[in-house]
Amino acid sequence: MIKVITYGTFDMLHYGHRRLLERAKALGDYLIVGVTAEDFDRSRGKINVRQTLMDRIEGVRATGIADEIIVEEYEGQKIDDILRYDIDIFTVGSDWEGKFDYLNEYCKVVYLERTEGVSSTEIRSEDSYTRLGVVGDIPHLLKFVRESKYVNGVEITGAFLSDSDKEVEIIEHLEIPTMDYDSLLEQSDAIYITSHPSKHYEQVKYALNKRKNVLCEAPISLNKKECEELFEIAKENGVILMEALKTAFSTAYSRLILLAKSGKIGNIVSIDATCTSLSYSPVSSAEERAKAWNSMCAWGPTAFLPVFGLFGSNYKSMDMVCKTEKDDDSFDLFTRINLRYENAVASLRIGKGVKSESEMIISGEKGYIYVPSPWWKTDYFELRYENPQNNRRYFYQLDGEGIRFEIASFLKAIRTGKPAAFLSREASVFSSSIIGQFYSGDFSKI
Ligand code: C2G
């Protein structure tokens, strides 16, 4: 019996896939099809897959061509599978020509002519194509636009810059036109905002009122009332409003939250998280300061994310201590926040003018999760126990600091009308309410 194996994502299974499977089957007597797991696809850069693994398996099964279906989960698995299933022929489409020649050592490798004129990418972009305008300041905008190139189904229409001096620079780097806010909104279905936090509320509201979907760098607004108002406008106008917080889209971060929730470290008693970056110099002029992000805006939303994710928003009391600029209480160089819950406590340190070890520790009654610095863009964490033999290490590749996944999630939210599960309205309201307390001066000073 000649055994054949082939692999693929098989997203929104189409004629090209079916033809490939038929010809693969015709090469032998028994066909095994490896369908890629979500994590594996993410790690190899396929981030726009529409269907779940179960649905894609079902698609392959429904063709009736495969004799057996397996899941492809890791790099190098093909060699393992060929040996384990005693495979005679490995086959794949000609778009992979030469890429799998190394498997010749284990079995025969056959590249089958790819079917022209049909692809999952085209099918995906036919039913949705988003024109995205970008608004704000240079360093963030550059990163964002570059990352958007990894995401299918999105075209950057142009940029509205906070700082018009930088126009030459942006045109040079991004090769997209700059224009005023109204023209940009007119030409776009959705908008990404990364201007100074003091402008977010007005800019977001303006775009929402023009029925544009909005992805806005956190914090979306500087107090709870405005945040709630913005989400209400979005709802009334039938558009998506989403806070951009790349940490929420890092695989390692979302996995560690799930592990913590599943009881791996027992009852969770405390979260200690630190976020610092020395990117602001206290001697800056008032003009420079007006453009800079204080600690609360730069780091607050990131630090609040695991607290909301694990403890929710019902804290009993809060205690905030800040070190602010000499003549400006609204600019915190460093802030320490303790949030007391019924049975737990969170202790956060955030700083733009103070440096510290930016790690996170989630402590439970059975063990703890240790996330090394910088925890908000980590690809690695550990579960640690009293008995070190039980310790576990986890590694998840993080490409583009999570930004490309954030963009893909935003597009998905627009397409489905449902916001991303990781960044709910409630999470944004929680974060803006603490930020609001800071701006109302509800803290003690050191
Ligand atoms: N295919 C084809 N014609 C098309 C589209 C796809 O022949 N018009 C083939 C591909 O060459 C591949 C299979 O159908 O052999 C599945 O395609 P995808 O779902 O795009 O999967 P792919 O990313 O090619 O994964 O480990 C993964 C595999 O190596 C291939």
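Up top is the structure these notes are about.
Below you will find a few notes about this structure.

Each value, and the rule that gives it
Residues numbered from 1 in each chain as written. Predicted model: local features only at pLDDT ≥ 70, side-chain atom pairs only at ≥ 80, totals over all residues. Heavy atoms only, no water. Helix = DSSP H or I, 4+ residues; strand = E, 2+ residues; numbered from the N terminus. Rg over C-alpha atoms; globule rule 2.2 N^0.38 Å. Contact = heavy atoms within 4.5 Å. Areas by Shrake-Rupley, 256 points an atom, 1.4 Å probe, with all protein chains shown as cover. Lys, Arg positive; Asp, Glu negative; His and termini not counted. Charge placed at Lys NZ, Arg CZ, Asp CG, Glu CD. Axes fitted to C-alpha atoms, helices over the stretch in contact; angles between N-to-C directions. Parallel < 35°, antiparallel > 145°, perpendicular 65-115°, else oblique. Left-handed = near helix turned anticlockwise from the far one by under 90°. Phe/Tyr/Trp six-rings, centres within 6.5 Å; stacked < 30°, edge-to-face > 60°. Buried < 20%, exposed > 50% of the residue type's maximum accessible area, 1.4 Å probe, protein only. 1 Å grid on protein atoms, 1.4 Å probe; cavity = no way out; pocket = protein on both sides within 12 Å on 5 of 7 lines; lining within 4 Å. Points joined across faces, edges and corners; volume = space filled by probe spheres on them. Nonpolar A, V, L, I, M, F, W, Y, C, P; charged D, E, K, R; others polar. Near = heavy atom within 4 Å. Arc of directions from axis to C-beta.

## Comments concerning the overall build of the protein
Across its full length, the protein holds 15 helices and 19 strands. Its C-alpha atoms give the protein a radius of gyration of 25 Å, near enough to 22 Å, the size a compact globule of 446 residues would have. Along the three orthogonal principal directions, the C-alpha set of the protein runs to about 80 × 60 × 40 Å. Residue pairs in contact within the protein that sit at least 24 positions apart in sequence constitute 69% of those at least 6 positions apart. With an accessible surface of roughly 20800 Å², the protein has 47% of that area assigned to carbon and sulfur atoms. Of the charged side chains in the protein, 55 are positive and 68 negative, and the gap between their average positions amounts to 3 Å.

## Notes on the packing of helix H13 (residues 295–311) against helix H15 (residues 425–439)
As a packed pair, H13 and H15 sit with axes 9 Å apart at the nearest point and diverge in direction by 130°. Taken together, the axes of H13 and H15 are oblique relative to one another. Considering the relative orientation of H13 and H15, their crossing is right-handed. Residues Met 296, Cys 297, Pro 301, Phe 304, Val 307 and Phe 308 of H13 pack against Glu 426, Ala 427, Phe 430, Ser 431, Ile 434, Ile 435, Phe 438 and Tyr 439 of H15.

## With respect to the packing of aromatic side chains
The tally for this structure, following the rule as stated, stands at 19 aromatic pairs. Here Tyr 253 and Trp 375 contribute two aromatic rings whose centre-to-centre distance is 6.4 Å and whose plane-to-plane angle is 35°, an arrangement assigned as tilted. Note that Tyr 253 is positioned in helix H11 (residues 251–261) and Trp 375 in the loop between strand E16 (367–371) and strand E17 (380–385), a separation of 122 residues in sequence. A relative accessible area of 6% means that Tyr 253 is categorised as buried. Classification of Trp 375 as buried rests on a relative accessible area of 1%. Between Tyr 315 and Phe 430 the ring centres are 6.1 Å apart and the planes differ by 70°, which places this aromatic pair in the edge-to-face class.

## Thoughts on unusual backbone geometry
Between Ala 218 and the following residue, Pro 219, the backbone shows a cis peptide bond with an omega angle of 0°. Take Pro 219: it is sitting in the loop between strand E9 (213–217) and helix H10 (224–237). Unusually for a residue other than glycine, Arg 211 sits at a positive phi of about 60°. On the accessibility criterion, Arg 211 (52% relative accessible area) is exposed.

## Some details on the packing of helix H9 (residues 197–209) against H10
Orientation of H9 relative to H10, taken along the N-to-C sense of each, is 15°, at an axis distance of 9 Å. Relative to H10, the element H9 is oriented roughly parallel. Of the two elements, H9 crosses H10, and the hand of that crossing is left-handed. For the pair H9 and H10, contact is made by Tyr 201, Val 204, Lys 205, Leu 208 and Asn 209 and by Glu 226, Glu 229, Leu 230, Ile 233, Ala 234 and Asn 237, respectively.

## Regarding empty space enclosed by the protein
Applying the stated criterion across every chain, the model contains one cavity of 30 Å³ or more. Approximately 60 Å³ is the volume attributed to the largest cavity. Lining the largest cavity are Glu 243, Leu 245, Pro 301, Phe 304, Leu 305, Phe 308, Leu 423, Ala 427, Ser 428, Phe 430 and Ser 431. Those elements that place two or more of their residues in the lining of the largest cavity are H13 and H15. In terms of residue class, the lining of the largest cavity is made up of eight nonpolar, two polar and one charged.

## Thoughts on the site of the ligand
In the vicinity of the ligand lie 21 residues, with Lys 46, Glu 72, Asp 95, Trp 96 and Val 118 positioned nearest. Relative to its unbound accessible surface of 610 Å², the ligand loses 95% to contact with the protein. Those elements that provide at least two residues to the shell around the ligand are strand E1 (3–8), helix H1 (15–26) and strand E4 (89–93). Among the elements that take part in the shell around the ligand, H1 stands out by supplying three residues, more than any other. Of the residues that constitute the shell around the ligand, the class distribution is eight nonpolar, seven polar and six charged.

## With respect to helix H4 (residues 77–84)
Three or more residues of H4 are buried, namely Gln 77, Lys 78, Asp 81 and Ile 82. Down the axis of H4, the smallest arc covering the buried residues is 135°, so these residues share one side. Facing away from the buried side of H4 by more than 90 degrees, the exposed set consists of Leu 83 and Arg 84. Packed against the buried residues of H4 are E1, strand E3 (68–72) and E4.

## Some thoughts on the layout of surface pockets
In this structure, the largest pocket encloses a volume near 1200 Å³. Of all the elements in the fold, those that place two or more residues in the lining of the largest pocket are helix H6 (138–148), strand E8 (190–194), helix H12 (286–291), H13 and helix H14 (403–416). Of the residues contributing to the lining of the largest pocket, the split by class is 17 nonpolar, ten polar and 13 charged. By volume, the second largest pocket amounts to about 1000 Å³. What lines the second largest pocket is a set of 37 residues, among which Arg 42, Ile 47, Val 49, Ser 409 and Lys 412 lie closest to the centre. Residue assignment for the lining of the second largest pocket shows that the elements contributing at least two residues are helix H2 (38–43), helix H5 (120–127), H11 and H14. The biggest single contributor to the lining of the second largest pocket is H14, with eight residues.

Honestly, it's all geometry; don't read function into it.
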